[in-house]
Amino acid sequence: MSPKNPGERDQAIRTLAQIIGRIRIAMLTTVTEDGALRSRPITTHGARFDGDLWFITRMGSAKTEEVRRHRRIGLTYAKPEDNCYVAIAGTAQIVVDAKKVQDLWIPSYQAWFPGGPNDPDLALIKVSVETAEYWSAPALTWPLSAGFVVMAPAQRDDPQFHARIVLGPPA
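Anyway, here's the lowdown on the structure attached to this text. Since we're looking at a predicted model, the values are computed, not measured. Within any chain, residue numbers begin from 1 and follow the written order of that chain's sequence. Residue-level local features of this predicted model are given only where pLDDT is at least 70; pairs of side-chain atoms are given and counted only at 80 or more, and the full residue set underlies all totals for whole chains, interfaces and linings. Heavy atoms throughout the structure, all of them, feed into the side-chain values; hydrogens and water do not.

**Side note on the overall build of the chain**
Looking only at helices and strands, the chain features four helices and nine strands. The numbering of helices and of strands both runs from the N terminus, where a helix is a DSSP run of H or I of at least 4 residues and a strand a run of E of at least 2. Going from the N terminus to the C terminus, the chain shows its helices and strands as α-β-β-β-α-β-β-α-β-β-β-α-β. In this scheme, a residue with accessible area under 20% of its type's maximum is buried, one over 50% is exposed, and one in between is partly exposed, where area comes from a 1.4 Å probe on protein chains only. Here the chain holds 171 residues, and 44% of them are scored as buried. Residue contacts are defined here by distance: any two heavy atoms, one from each residue, within 4.5 Å place the two residues in contact. Of all intrachain contacts in the chain linking residues separated by at least 6 positions in sequence, the fraction that spans at least 24 positions is 66%. Carbon and sulfur atoms form 56% of the exposed surface of the chain, whose accessible area is close to 9,500 Å². Only the protein chains shown count as cover for residues, and all accessible areas are computed by the Shrake-Rupley method using a 1.4 Å probe.

**Here we look at the layout of surface pockets**
For each structure, a 1 Å grid was placed over the protein atoms alone; sets of points admitting a 1.4 Å probe that cannot get out are labelled cavities, open sets with protein on both sides within 12 Å along at least five of seven lines are labelled pockets, and lining residues have an atom within 4 Å of a point. Grid points are joined across faces, edges and corners, and a volume is the space filled by probe spheres set on the points. Roughly 220 Å³ of volume is contained in the largest pocket. Mapped onto the lining of the largest pocket, the elements with two or more residues apiece are strand S2 (37-43) and strand S3 (52-58). Top element by residues in the lining of the largest pocket is S2. It accounts for three residues. When residue character is reported, Ala, Val, Leu, Ile, Met, Phe, Trp, Tyr, Cys and Pro are called nonpolar, Asp, Glu, Lys and Arg charged, and the others, Gly included, polar. Looking at the lining of the largest pocket residue by residue, the classes come out as seven nonpolar, three polar and one charged.

**Considerations on the nonpolar core**
Note on soluble globular proteins: their nonpolar side chains tend to be buried together. We define a nonpolar core as any set of buried Ala, Val, Leu, Ile, Met, Phe, Trp, Tyr and Cys residues linked to one another through side-chain atoms lying within 4.5 Å. Counting residues in hydrophobic clusters, the biggest one holds 28 residues, and the most contacted among them are Leu53, Leu75 and Tyr77. Those residues in contact with Leu53, other than ones at most four positions away along the chain, are Ile20, Leu75, Tyr77, Ile88, Ile125, Lys126, Val127 and Val129. The next biggest cluster of nonpolar side chains, apart from the first, holds ten residues, and it includes Val95, Tyr109, Phe113 and Leu124.

And the structure:
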């Protein structure tokens, strides 16, 4: 689905926000210096999704360097117990913004960033979402013997349960 007007785009963003808001951890995939894909868990910070996602990191981290070299990234969210999955492709950039760090900060981050929200080594990864695909059918699933759950064929084409959304490149 490519939103054709601002109302459709806003609805697509609200749908994604609702789904990813239920999932605490995403896997961020970046491209390493030698061109390999590298994924690692990253905490979703509960910021309102408006087409962009924000993550706190350190200035000298490997992911910061990888984003600087190659801005295209992938994010995957999964909550198998709710049969909920999201795949996102977008463009990332490193942002230094102490006020935004303060806005995103919650006390549990202290364990990862002992210098607190005022640590001068903190940076943000801003991801401008270009495409997203979701599968979400918590009440309408069929369990399989291997422990997986899948959507019934009629659910696969219902935007309530599955859609590919194209938000487009960042402006």
